[in-house]
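Fold and geometry: a report
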Amino acid sequence: MVAVTEVGHRVADPAGQPARRRRRLVPALLVVGWLLGVGWRMWLSRHVPLPIAHTDEDSYLHTARALAGGPGGFSSENGPLRRVGYPLLISPAFLGERDFTDSYRLVQLINAAVNATVLPLAYLLLRRLVPVRPAVALAAATVAATLPATVFYAGVAMIDAVLAPLVLAWLLAVHHWVRRPGPLVAAGAGTLVGTFHLLHSRGLVIVGVHAGLVLLLFLRRRTGPAQVLAAVLPVLALALLNEAVIRLLGDRVYLLGDPPGSGTVRAVASGPGLLRVGAAVGTQLWYLVVITFGAAGVAWAGAVRLLLGRPAPAATTGHAPAVSPPPAAGPADGDGATRWTVGVALVTSVGVAAGASVILAGVTGKPLDAIYGRYVQMLAPFWLLLGVGMLVTATPRQRWRRAAVAVGLLLAGATLIAARLAWVASRGHELRYGGFGAPDLMALTGGWREFRPFTGAAVGIAGCLLLVAALRLPRWRLPVLAALVAVNLGTMQVITDRLVRPVVAATAPTPRASDLGVRPGDRVWASLGVQWVLRFNLSHQVTWADVRWFGDAPPADADVVFVRWAPGGPDDWDGTRYGFVRLGGNPQQHWAAWRRA
């Protein structure tokens, strides 16, 4: 539990370090760190010239291209859950006439610039929540900014690249709003919530939490009608903006996704269905504890005590003596703001995990996932920061109690996950397990082909015990946090080498369409006989038109077609029957380009 005095009073400056110099140094370090973060993310993405996360990337890229005035294309979204915020963000990459690879690099640069803001946002949020030293806050923020859960999607055209910094900005705004209420900060919080809604259907959970927060603050007389309006109107405005942009796009972007309906209801409207959803929720929350080195479990233990118990006397942080508690906290007291912020984050975490599990359970066309951590990854930086802060400011007894909770969560979660996997296998079924479900967990456990829950628990326990043992000693805090940064950097390199580069090699069509003479102005169609990932990536290279699909006979207006090339196979496409001449292609990848003679 974070004590009132821990939040309400800052630790004194160390002797010999002038405040003015520190005030200049920290912003400079944050700017340099942000620039280094952008450069590192671009370096990691250098091997990814084409989309690898289909069909989500294709949907966002087609919409962004249409918003920039170019041709549209398909989207795998459905009507009720359709969002245009991310395509709006990356649409400048498609202005002008560029090769697709150049536009894709600009998308990666936009992602990197936004994603790297986790560093300054994490520093500011940790300094607001708990009274840690600037150096410790900076080191912890660096750990959060380099978490693979934060960084991984920055290299592809996925909305997840921008959600982690948005979560931190929102929680920072919530803290500031509760601590110093006012219409301006209320409007800022509402704008961030509206941005969530504009970006992804996960924003529906955020909107619900925000509505509950506004109502509770109003009922407890912490805010007035003017602030309620300021907090709600931006959400409504951005929801209307989403609908307006969708109408503007018209049918240039056509939807292929099925709207959630009776399948979702049937998937959860039974005892077994609810158990499956509960198992998925528990797996996602367990995953958060593992990838934060146990810090999320520590944070949850402290959060429950903070929300349900009375503030305890402050603990000595190792740098400054404890002080007596101040009088009863008022509405704008820092501890009250911390309580509200932590409560909001806790409800959001459970809500996002539950919402994602319910939606995925309704997708009946594919097996259920053994783990799908993508939706909760955006919350990992916050829980890591709070866990570190609660370890640094806690008494020795509190540290070990919280660590015991984290260890218990890890072991219990691993046991239940292993039991679920065994139960499903005993019935002859298989849960889906893929690289985009939890790439950091794969790298940390070496589980590239199988889910290893007990190995994941061991990783989390080792990290948690190391943090508890080291953070109690001031001189060990920075080295331990630096070691975690090194682990994050190494994990991302392993993910790049073992997952990203093989996927790129398997899904990048060679040679390029332009090398075969496909040129602007050609009317291009693609056959359903071409493997779908290769078909999508070939279509992206046709930047001047929307490439539609056909079965066997080419459309009458087609100048160029991408078709299956399987020499000697019964499904090898013979274009001479239709008056086409083969330009070339790749028989190993089973595709070819043909031009009408």
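Residues numbered from 1 in each chain as written. Predicted model: local features only at pLDDT ≥ 70, side-chain atom pairs only at ≥ 80, totals over all residues. Heavy atoms only, no water.

**What about the overall build of the protein chain?**
- When its secondary structure is counted, the protein chain shows 22 helices and 7 strands.
- In terms of C-alpha radius of gyration, the protein chain reaches 26 Å, essentially the compact-globule figure of 25 Å for 597 residues.
- Oriented by its inertia axes, the alpha-carbon framework of the protein chain measures out at about 90 × 55 × 55 Å.
- In the protein chain, which comprises 597 residues, the share counted as buried stands at 54%.
- In the protein chain, once contacts between residues fewer than 6 apart in sequence are set aside, the share between residues at least 24 apart is 78%. (Helix = DSSP H or I, 4+ residues; strand = E, 2+ residues; numbered from the N terminus. Rg over C-alpha atoms; globule rule 2.2 N^0.38 Å. Buried < 20%, exposed > 50% of the residue type's maximum accessible area, 1.4 Å probe, protein only. Contact = heavy atoms within 4.5 Å.)

**Remarks on the nonpolar core**
- By size, the foremost hydrophobic cluster in this structure holds 154 residues, and its most contacted members are Trp170 and Trp383.
- For this core, the element with the highest residue contribution is helix H9 (residues 160-179), accounting for 15 residues.
- Residue contacts for Trp383: discarding those within four places in its chain leaves Leu288, Ala295, Ala296, Ala299, Trp300, Val342, Ala345, Leu346 and Ser349.
- Residues Leu516, Val518, Leu534 and Ala545 belong to the second largest nonpolar core, which totals 15 residues. (Core = buried A, V, L, I, M, F, W, Y, C linked by side-chain atoms within 4.5 Å.)

**Points about helix H18 (residues 396-426)**
- The end-to-end C-alpha distance of H18, which contains 31 residues, comes to 45 Å, matching closely the 45 Å that a straight helix rising 1.5 Å per residue would cover.
- Residues Gln398, Arg399, Arg402, Ala403, Ala406, Val407, Leu410, Gly413, Ala414, Ile417, Arg420 and Val424 constitute the buried set of H18.
- Just downstream of H18, Gly428 is the residue with a positive phi angle, here 80°. (Expected span 1.5 Å × (residues − 1).)

**As for the pattern of salt bridges**
- Taken as a whole and assessed by the stated rule, the structure comprises 11 salt bridges.
- Between Arg374 and Asp160 there is a salt bridge; the shortest N-O distance is 2.9 Å. Pair noted here: Arg374 is in the loop between helix H16 (334-361) and helix H17 (380-393) and Asp160 is in helix H9, with a separation of 214 residues, a long-range link. Neither Arg374 nor Asp160 differs from the other in exposure class; each is buried.
- Its salt-bridge partner being Arg452, residue Glu450 comes within 3.4 Å of it at the nearest N-O pair. (Salt bridge = Lys/Arg side-chain N within 4 Å of Asp/Glu carboxyl O.)

**Points about the packing of aromatic side chains**
- All chains considered together, the criterion is met by 18 aromatic pairs.
- Taking the centre distance of 5.9 Å and the plane angle of 55° together, the rings of Phe152 and Phe436 count as tilted. With a gap of 284 residues between them, Phe152 in the loop between helix H8 (148-151) and H9 and Phe436 in the loop between H18 and helix H19 (439-445) connect regions that are remote in the sequence.
- Accessibility expressed as a relative area gives 8% for Phe152, which makes it buried.
- Residue Phe436 is classed as partly exposed on the basis of its relative accessible area of 23%.
- With centroids separated by 5.5 Å and ring planes inclined at 15°, the aromatic side chains of Trp573 and Tyr578 adopt a geometry described as stacked.
- Its relative accessible area of 5% is what places Trp573 among the buried residues.
- Of the residues examined, Tyr578 reaches a relative accessible area of 26% and is grouped as partly exposed.
- Linked through ring pairs, Phe74, Trp532, Phe536 and Trp549 together constitute an aromatic cluster. (Phe/Tyr/Trp six-rings, centres within 6.5 Å; stacked < 30°, edge-to-face > 60°.)

**A short note on the environment of Val518**
- Mapping Val518 onto the fold places it in the loop between helix H21 (474-507) and strand E3 (524-527).
- Residue Val518 is classed as buried on the basis of its relative accessible area, which comes to 6%.
- When the C-alpha positions of Val518 and Leu163 are compared, they lie 37 Å apart, and in sequence the two are 355 residues distant.
- Contact partners of Val518, with chain neighbours within four places excluded, come to Ala513, Val524, Trp544, Val560, Phe562, Leu583 and Arg595.

**Quick look at the packing of H17 against helix H20 (residues 453-471)**
- Axis separation between H17 and H20 bottoms out at 9 Å; the angle between their running directions is 40°. Along this stretch, H17 crosses H20, giving a crossing that reads as right-handed. For the pair formed by H17 and H20, the contact residues are Val388, Leu391 and Val392 on the first element and Leu467, Val468 and Leu471 on the second.
- Class assignment for the residues of the contact of H17 with H20 results in 6 nonpolar, no polar and no charged. (Axes fitted to C-alpha atoms, helices over the stretch in contact; angles between N-to-C directions. Left-handed = near helix turned anticlockwise from the far one by under 90°. Nonpolar A, V, L, I, M, F, W, Y, C, P; charged D, E, K, R; others polar.)

**Overview of the pairing of strand E5 (residues 560-563)**
- Burial along E5 is two-sided: Val560 and Phe562 facing one way and Val561 and Val563 facing the other are all buried.
- Where E3 meets E5, 3 bridges bridge the pair, whose relative direction is parallel. Bridging from a neighbouring strand, Ala526 pairs with Phe562 of E5.
- Across 4 bridges, E5 lies against strand E7 (residues 591-596) in antiparallel orientation. Along E7, the bridge assignment pairs Phe562 with Ala593. (Pairing = 2+ DSSP bridges.)

**Brief notes about the side chain of Asn111**
- One can find Asn111 in helix H5 (residues 100-115).
- Among the residues examined, Asn111 registers a relative accessible area of 0% and is labelled buried.
- The contacts of Asn111, once residues within four sequence positions are left out, are Tyr86, Ile90, Tyr153, Ala154, Val156, Ala157, Met158 and Ala161.

**A look at the side chain of His200**
- Here His200 lies in the loop between helix H10 (183-199) and helix H11 (203-219).
- His200 gets classed as buried once you look at its relative accessible area, which sits at 10%.
- When neighbours within four sequence positions are excluded, His200 is seen to be in contact with Tyr60, Arg83, Ile159, Arg374 and Tyr375.

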